[in-house]
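Below are the chains, spelled out letter by letter.
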Amino acid sequence: MPEKVQRVKGVNDILPEEAKQWQALESVVKHVMEKFAFGEIRPPIFEKTELFARGVGEDTDIVSKEMYSFSDMSKSSLTLRPELTAGVVRSYIQNNLQQISPVQKLWYEGPMFRQERPQKGRYRQFWQFGAEAIGSPNPEQDAEMIALFFAILKALGIEKSVLLKINSVGDSESRATYRKALQDFLRPHLSELSETSQHRFESNPLRILDSKAPNDKLLVKNAPKIRECLNASSKTHYAEVLKMLEAMGIPYVQDDLLVRGLDYYTHTIFEFTSDALGAQDAICGGGRYNDLVKELGGQDVPAIGWASGIERLLLVVEALRPLEVASGLDLFLIVLGDELRLTAPKLVHEWREAGLSCDMDTLRRSMKAQMREANRQEARYVAILGEEEFDQGVVQLKNFETGEQEAVSFENVASVIINALSS
Ligand code: HAM
């Protein structure tokens, strides 16, 4: 026997039963995005590697070790997108979206690719939906972005079980002040830091705050706080964001150790976490990135955004409050006798056209097997077609729930069911 081909490590098959939860979630997301006046954008799944190297940062885990990169026939290096902010910004610049309106509010959904060590909630192909607002430097834009994800949590009924952690990394001046303060604090302990943190000491000391190594964690507990190094305008921006969140009734905790793993952030950064998950507890992460558009060759345009991991969010939703999904067919046609099999497709076709979800057996199985299939598909009605019914142009229409049965002409089947289901 030929060997079976297995799926690649760290990727998932989303099978039809599970896909129903995905669809229910996607419809909530789409609805809320529309309410907040965001337009959908669908950038490509692969981009030039350079985009992520410049956009996300050479020194980040994502770029330095997690990208799926390959050369195409022209030998240029391409990469399956590990995230979509860089791609959205590239598209914004390339398509001159600022000419359409000075603030572009965009949302997206799709698969991302990172070569991480797979574990619960962490995959190599995973899905995100996210939103980016490009154009406004003001705190009300930060507040709106956070309110947007909060509205999605609320629509899912899980907002009370999720924690919003927020921090500010300020503008570049504030970050330079903090970088120095943190390095001065850590320098005497340099040899005690983990190898990764020692490496980051020069290249990206803020990431040391994020280290999972126990000794690093202990050390940074007493480190100076970035909040204390913010300059006046960064401080005001951050304070105003917090004030607006309070006014909107969105609870948050300030987390001085929150830094994000991507290099483009400025000012407000945030994460939503859930303790219904294990180690990978972030269901959404984002922040302001005022310099990225310029760094990628566009104008000096500020922006803010976030992205949420769909697999993780669904793990939380399933644990706390599974989404209601439409289940079951309206009608299953049961055909008795091989001569009638030729009539069946036409009837089912007409009933589908009339608006019913409808199915039939194509394996020419026994009545018992067809009934079993109707049951499996949770059909609300079955239509039984035998020789006698065929001669009279009717089916025996049986309501599966009540057990009631009546003869109904072919043409009336759809309207009888539609009326019954809508009453
Ligand atoms: P991120 O924090 O790298 O940010 O990813 C956002 C979310 O994607 C995470 O909070 C998590 O829910 C999900 N996620 C990330 N990696 C994985 C994985 N390997 N498996 C499953 N889920 C994962 C970004 O991607 C930024 N682009 C967010 C952003 C948008 N910032 C500004 N605008």
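Relevant structure appears above.
Residues numbered from 1 in each chain as written. Predicted model: local features only at pLDDT ≥ 70, side-chain atom pairs only at ≥ 80, totals over all residues. Heavy atoms only, no water.

Brief notes about the pattern of salt bridges
A complete count under the given rule lists 26 salt bridges for this structure. When the shortest N-O distance is used, the salt bridge between Lys30 and Glu34 registers 3.2 Å. Residue Lys30 and its partner Glu34 are located together in helix 1 (residues 16-35), separated by four residues, close to a single helical turn. Judged by relative accessible area, which is 42%, Lys30 ranks as partly exposed. For Glu144, the salt bridge identified is with Lys105, shortest N-O distance 2.8 Å. Of this pair, Glu144 sits in helix 5 (residues 139-156) while Lys105 is found in strand 5 (residues 104-113), placing the two residues 39 residues apart along the sequence. One continuous salt-bridge network, built from bridges that share partners, spans Asp338, Arg341, Asp361, Arg365, Glu373 and Arg376. (Salt bridge = Lys/Arg side-chain N within 4 Å of Asp/Glu carboxyl O. Helix = DSSP H or I, 4+ residues; strand = E, 2+ residues; numbered from the N terminus. Buried < 20%, exposed > 50% of the residue type's maximum accessible area, 1.4 Å probe, protein only.)

Some words on the pairing of strand 5
Burial runs high along strand 5: nine of the ten residues are buried. Where strand 1 (residues 39-40) meets strand 5, two bridges bridge the pair, whose relative direction is parallel. Bridge assignment links Gly39 to a residue of strand 5, and that residue is Leu106. (Pairing = 2+ DSSP bridges.)

Notes on the packing of helix 1 against helix 11 (residues 310-320)
Running from amino to carboxyl end, helix 1 crosses helix 11 at an angle of 100 degrees, the nearest separation of the two axes being 11 Å. With respect to helix 11, the axis of helix 1 lies roughly perpendicular. For the pair helix 1 and helix 11, contact is made by Gln21, Trp22 and Leu25 and by Ile310, Glu311, Leu313, Leu314, Val317 and Glu318, respectively. Of the residues belonging to the contact of helix 1 with helix 11, the class tally is six nonpolar, one polar and two charged. (Axes fitted to C-alpha atoms, helices over the stretch in contact; angles between N-to-C directions. Parallel < 35°, antiparallel > 145°, perpendicular 65-115°, else oblique. Contact = heavy atoms within 4.5 Å. Nonpolar A, V, L, I, M, F, W, Y, C, P; charged D, E, K, R; others polar.)

Here we look at the packing of aromatic side chains
Across all of its chains, the model carries nine aromatic pairs by this definition. Centre to centre, the rings of Phe149 and Trp306 are 5.0 Å apart; their planes meet at 65 degrees, and the pair counts as edge-to-face. With Phe149 in helix 5 and Trp306 in strand 11 (residues 303-309), this pair connects stretches of sequence that are 157 residues apart. An identical accessibility class is assigned to Phe149 and Trp306; each is buried. (Phe/Tyr/Trp six-rings, centres within 6.5 Å; stacked < 30°, edge-to-face > 60°.)

Some remarks on the site of the ligand
Close to the ligand lie 26 residues, the nearest being Glu83, Glu116, Glu132, Arg260 and Tyr265. Take Glu83: an N or O atom from its side chain is 2.6 Å from a nitrogen atom of the ligand. At a separation of 3.1 Å, an oxygen atom of the ligand approaches a polar backbone atom of Gly309. In the complex, 96% of the free accessible area of the ligand, which totals 660 Å², lies under the protein chains. Taken together, the elements giving at least two residues each to the shell around the ligand come down to strand 6 (125-134), strand 10 (282-288) and strand 11. For the shell around the ligand, the element with the most residues is strand 10, which contributes six residues. (Near = heavy atom within 4 Å. Polar contact = N/O pair within 3.5 Å; in protein donor to acceptor, adjacent residues only side chain to side chain. Areas by Shrake-Rupley, 256 points an atom, 1.4 Å probe, with all protein chains shown as cover.)

Description of the side chain of Ser234
Among the secondary structure elements, Ser234 is positioned in helix 9 (residues 232-247). Within the local environment of Ser234, its side chain forms a polar contact with the side chain of Ser174, the two groups lying 3.2 Å apart. Not counting the four nearest positions on each side in its chain, Ser234 is found in contact with Gly170, Asp171, Ser174 and His267.

Points about the pairing of strand 6
Burial within strand 6 is extensive, with eight of its ten residues counted as buried. Here ten bridges tie strand 5 to strand 6, and the two strands are oriented antiparallel to one another. Among the inter-strand pairings, Lys105 is bridged to a residue of strand 6, identified as Ala133. Examined bridge by bridge, strand 6 and strand 11 share seven bridges and lie antiparallel to one another. Considered in strand 11, the bridge of Ala133 is made with Ile304.

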